[in-house]
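# Inside the fold
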Amino acid sequence: MSKKFIQNESPEELERKITAMRKGGKILGEVLRGLKAYVQPGITGKEIDAWVREQIVKRGAKVAYDYLEESFPGAICISVNDALVHGAPTDEVLEDGDKVSFDLDVLYDGYYTDSAFTMIVGSGGSPAVKEMIKTTEKAMWAGIDVVRPGVRIGDIGYAVEKVLRRGKLGVIENYVGHGIGKEMHMAPDVPNYGIRGHGYSLKVGDTICIEPMSCLGKPANYVDEDSNWTVKMKDGSIGCHCEHTVLVTEGGCEVLTLV
């Protein structure tokens, strides 16, 4: 099924979209900010999931994953160590030094926002993993920094890829960023690699998700059969994921999901 495109909005629809996504993005950012403090060694994925669901609902938003065509078993994706993305919450206990990536979507007034971050649990963690997280976040911001009207998707991908490759990280190519709005995933795709000057040209009012994914080993990955959701690295290396929802403005862009 082809993705619905983010354009073709009337001025009234565009105004409503921006208002809703600003509010939804603020809620999402608040939840993720609280989550960073909430996660400690000894907690389980399902405990985190229950906490996140409560935080979303009490702020007047909806759990976006409840509205997927294919049911996802949770309110947030929790991807631990060699899991890259789409991690289904489990009873697995997080330990000091674990890498964990959180990916959260919120639905507010009919519009979606989407954000992700990666962290180390507790005070442990290897220097290589910490550097991977720092570099992947830097790559995300490099992509965000070029966003403005007229910029092409390839320009964003080029900026992201340049940082990741300089950091000697594996670049994930089979999972990409995307447009977002009335649907969680819309066209255009926003890859984490690209050629400058190629692809869709951004317009004022567009809303896209820029989400670099990287790894310490080779980028090949697979969907775990037990969960039918969790994407893992084939070589068992550590994966990383960062993401923000971005609005294209006349002067550049606005990040809607700041944590």
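For the structure itself, look to the data block above.
Attention shifts here to the packing of helix 1 (residues 11–38) against helix 2 (residues 45–58). Where helix 1 contacts helix 2, the axes come no closer than 10 Å and their chain directions differ by 150°. Taken together, the axes of helix 1 and helix 2 lie roughly antiparallel to each other. In terms of crossing hand, the pair formed by helix 1 and helix 2 is right-handed. Taken together, the residues of helix 2 that come into contact with helix 1 (itself represented by Val31, Gly34, Leu35 and Tyr38) are Glu47, Ile48, Trp51, Val52, Gln55 and Ile56. The residue makeup of the contact of helix 1 with helix 2, split by class, is 7 nonpolar, 2 polar and 1 charged.

Inspection of every chain in the model, using the stated rule, returns 9 salt bridges. Across the salt bridge formed by Arg59 and Glu30, the nearest N and O atoms sit 3.0 Å from each other. Highlighted residues: Arg59 in the loop between helix 2 and strand 1 (62–63) and Glu30 in helix 1, separated in sequence by 29 residues. Linking Asp91 and Lys46 is a salt bridge whose minimum nitrogen-to-oxygen distance equals 3.9 Å. On the criterion of sequence distance, the pair formed by Asp91 in the loop between strand 3 (83–85) and strand 4 (99–108) and Lys46 in helix 2 is long-range, its members being 45 residues apart. Since its relative accessible area comes to 55%, Asp91 is described here as exposed. Connected via shared salt-bridge partners are Lys26, Glu30 and Arg59.

Take the pairing of strand 15 (residues 252–255) next. Here strand 14 (residues 244–249) pairs with strand 15 via 4 bridges, running antiparallel. Across the sheet, the residue bridging to Leu247 is Glu254, located in strand 15. Here strand 14 folds back onto strand 15, and the loop between the two strands holds 2 residues.

In spatial order, the strands read 8-7-9-14-15; together these 5 strands make up an open sheet with antiparallel pairing. A strand with exactly one partner marks an edge of an open sheet, and here the two such strands are strand 8 (186–190) and strand 15. Here the strands of the sheet are splayed against their neighbours by 30° on average, with no regard to which way each runs. Pairing of strand 7 (residues 177–179) with strand 8 involves 3 bridges; the strand directions are antiparallel.

Excluding glycine, residues mostly have negative phi values, and the peptide bonds linking residues are mostly trans. Cis peptide bonds are those with omega within 30 degrees of zero, and the linkage from Ala187 to Pro188 qualifies with 5°. Mapping Pro188 onto the fold places it in strand 8. Phi is positive for His86, close to 60°, though the residue is something other than glycine. Among the secondary structure elements, His86 is positioned in the loop between strand 3 and strand 4. Unlike most non-glycine residues, Asn228 shows phi in positive territory, near 65°. If you trace the backbone, Asn228 turns up in the loop between strand 11 (221–223) and strand 12 (231–233).

Parameters at a glance
Each chain carries its own residue numbering, running from 1 in the direction its sequence is written. In view of the model being predicted, local features appear only for residues whose pLDDT reaches at least 70, and side-chain atom pairs are presented and counted only at 80 or more, with totals across whole chains, interfaces and linings using the full set of residues. For side-chain calculations, the full set of non-hydrogen atoms in the structure is used, while hydrogens and water are omitted. Throughout, an axis means a line fitted to C-alpha atoms (over the contacting stretch in the case of helices), and angles, computed between N-to-C directions, take values from 0 to 180 degrees. Strands are runs of DSSP state E lasting at least 2 residues, helices are runs of H or I lasting at least 4, and numbering of each runs from the N terminus. In this scheme, roughly parallel covers angles under 35 degrees and roughly antiparallel covers those over 145, while 65 to 115 is roughly perpendicular and the rest are oblique. Left-handed describes a crossing whose near helix is turned anticlockwise from the far helix by less than a right angle; the clockwise case is right-handed. By definition in these notes, contact holds between two residues if any of their heavy atoms fall within 4.5 Å. When residues are grouped by polarity, Ala, Val, Leu, Ile, Met, Phe, Trp, Tyr, Cys and Pro land in nonpolar, Asp, Glu, Lys and Arg in charged, and all others, Gly among them, in polar. We define a salt bridge as a side-chain nitrogen of Lys or Arg found within 4 Å of a carboxyl oxygen belonging to Asp or Glu. Type-normalised accessible area, obtained with a 1.4 Å probe on protein chains alone, sets the label of each residue: buried when under 20%, exposed when over 50%, and partly exposed for intermediate values. Criterion used throughout: strands pair if DSSP finds at least two bridges between them.

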